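Below are the chains, spelled out letter by letter.
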Amino acid sequence: MSQAVQFNVGGVRFFTTKETIQREPSSKLAALLQTQQPGPDGCYFLDRDPKHFQLLLNWLRDGWCSVPQSIEGRRELSAEVKHYGLISMDLWLRSQSHAESMSDAAAAASAAGGLGGRWSSGGAESLLGAHLRGGLG
């Protein structure tokens, strides 16, 4: 069984295991566990906003997490991911953003009258291009 670890992030305590943190060995969190000892209260103190820290832990545990719906929330999460050096999570977030952009493009095409089945794994055909060829009326 892996050793329990406590973090105090901006005054909020989070509990996890050393094994979970070490899933991203090049991160600042993993480095912190290797180079420092917890404080007198048994916690590693991080002077950061705790708002998205649970999402970071969830991603380390499961390889995915809920992504904030708002642009502001996504920017905040991205900033925390970069601060902690969670490279794999950063790549995953970018892939989620790309997948969502593709989904948004398909929805926009459908809302604009559709592309008459011109959706492929490469993405939606340009609405302007379809229009110029007479496909969108």
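Residues numbered from 1 in each chain as written. Predicted model: local features only at pLDDT ≥ 70, side-chain atom pairs only at ≥ 80, totals over all residues. Heavy atoms only, no water.

A.B. asks: I would appreciate a short explanation of the sheet that holds strand 1 (residues 4-9) in the present structure.
C.D. replies: Note on sheets: strands pair through backbone hydrogen bonds, and any given pair is parallel or antiparallel. Judged by pairing direction, the sheet is mixed, and its three strands sit side by side in the order 2-1-3 without closing on themselves. Either end of the sheet is taken by a strand with one partner, and the two such strands are strand 2 (12-17) and strand 3 (43-46). Along the sheet, successive strands turn relative to each other by an average axial angle of 30 degrees, direction set aside. Strand direction decides the pairing type here: strand 1 and strand 3, joined by four bridges, are parallel. Paired with Phe-7 across the strands is Tyr-44, a residue of strand 3. Against the sheet, helix 3 (residues 53-62) engages strand 1, strand 2 and strand 3, with an angle of about 5 degrees to strand 2. (Pairing = 2+ DSSP bridges. Helix = DSSP H or I, 4+ residues; strand = E, 2+ residues; numbered from the N terminus. Axes fitted to C-alpha atoms, helices over the stretch in contact; angles between N-to-C directions. Contact = heavy atoms within 4.5 Å.)

A.B. asks: I'm lost on the nonpolar core in this one. Help?
C.D. replies: Most often, soluble globular proteins keep nonpolar side chains buried together rather than apart. Core analysis: the biggest nonpolar cluster contains 25 residues, and Phe-7 and Phe-53 have the highest contact counts within it. For this core, the elements supplying multiple residues, two or more each, are strand 1, helix 2 (28-35), strand 3, helix 3, helix 4 (71-83) and helix 5 (87-111). Apart from residues no more than four positions distant in its own chain, Phe-7 is found in contact with Val-12, Arg-13, Phe-14, Thr-16, Ile-21, Leu-29, Leu-32, Leu-33, Cys-43, Tyr-44, Leu-46 and Phe-53. (Core = buried A, V, L, I, M, F, W, Y, C linked by side-chain atoms within 4.5 Å. Buried < 20%, exposed > 50% of the residue type's maximum accessible area, 1.4 Å probe, protein only.)

A.B. asks: Looking at this structure, I do not really get the pattern of salt bridges. What am I missing?
C.D. replies: Opposite charge on two side chains permits pairing when their charged atoms draw close. What the rule picks out here adds up to four salt bridges. Arg-13 is the salt-bridge partner of Asp-41, the closest N and O atoms lying 3.5 Å from each other. Here Arg-13 lies in strand 2 and Asp-41 lies in the loop between helix 2 and strand 3, a separation of 28 residues in the sequence. On the basis of relative accessibility, which here comes to 39%, the residue Asp-41 falls in the partly exposed class. Its relative accessible area of 40% is what places Arg-13 among the partly exposed residues. The residue Glu-80 makes a salt bridge to Arg-48 at a minimum N-O spacing of 2.6 Å. Taken together, the residues span a long stretch of sequence, with Glu-80 in helix 4 and Arg-48 in the loop between strand 3 and helix 3 at a distance of 32 residues. Judged by its relative accessible area of 10%, Glu-80 falls in the buried class. (Salt bridge = Lys/Arg side-chain N within 4 Å of Asp/Glu carboxyl O.)

A.B. asks: What should I look at first to understand the packing of aromatic side chains in this one?
C.D. replies: Applying the stated rule across the entire model yields four aromatic pairs. Where Phe-53 meets Tyr-84, the ring centres are 5.7 Å apart and the plane angle is 70 degrees; that geometry is what we call edge-to-face. One end of the pair, Phe-53, is in helix 3; the other, Tyr-84, is in the loop between helix 4 and helix 5, with 31 residues separating them in the sequence. Looking at Phe-53, the relative accessible area reads 1%, which means it is buried. (Phe/Tyr/Trp six-rings, centres within 6.5 Å; stacked < 30°, edge-to-face > 60°.)

A.B. asks: I would appreciate a short explanation of the pairing of strand 2 in the present structure.
C.D. replies: The two faces of a sheet get side chains in turn, since along a regular strand they alternate between them. Across six bridges, strand 1 lies against strand 2 in antiparallel orientation. Among the inter-strand pairings, Asn-8 is bridged to a residue of strand 2, identified as Arg-13. Joining the antiparallel neighbours strand 1 and strand 2 is a turn of two residues, in which Gly-10 adopts a positive phi near 55 degrees.

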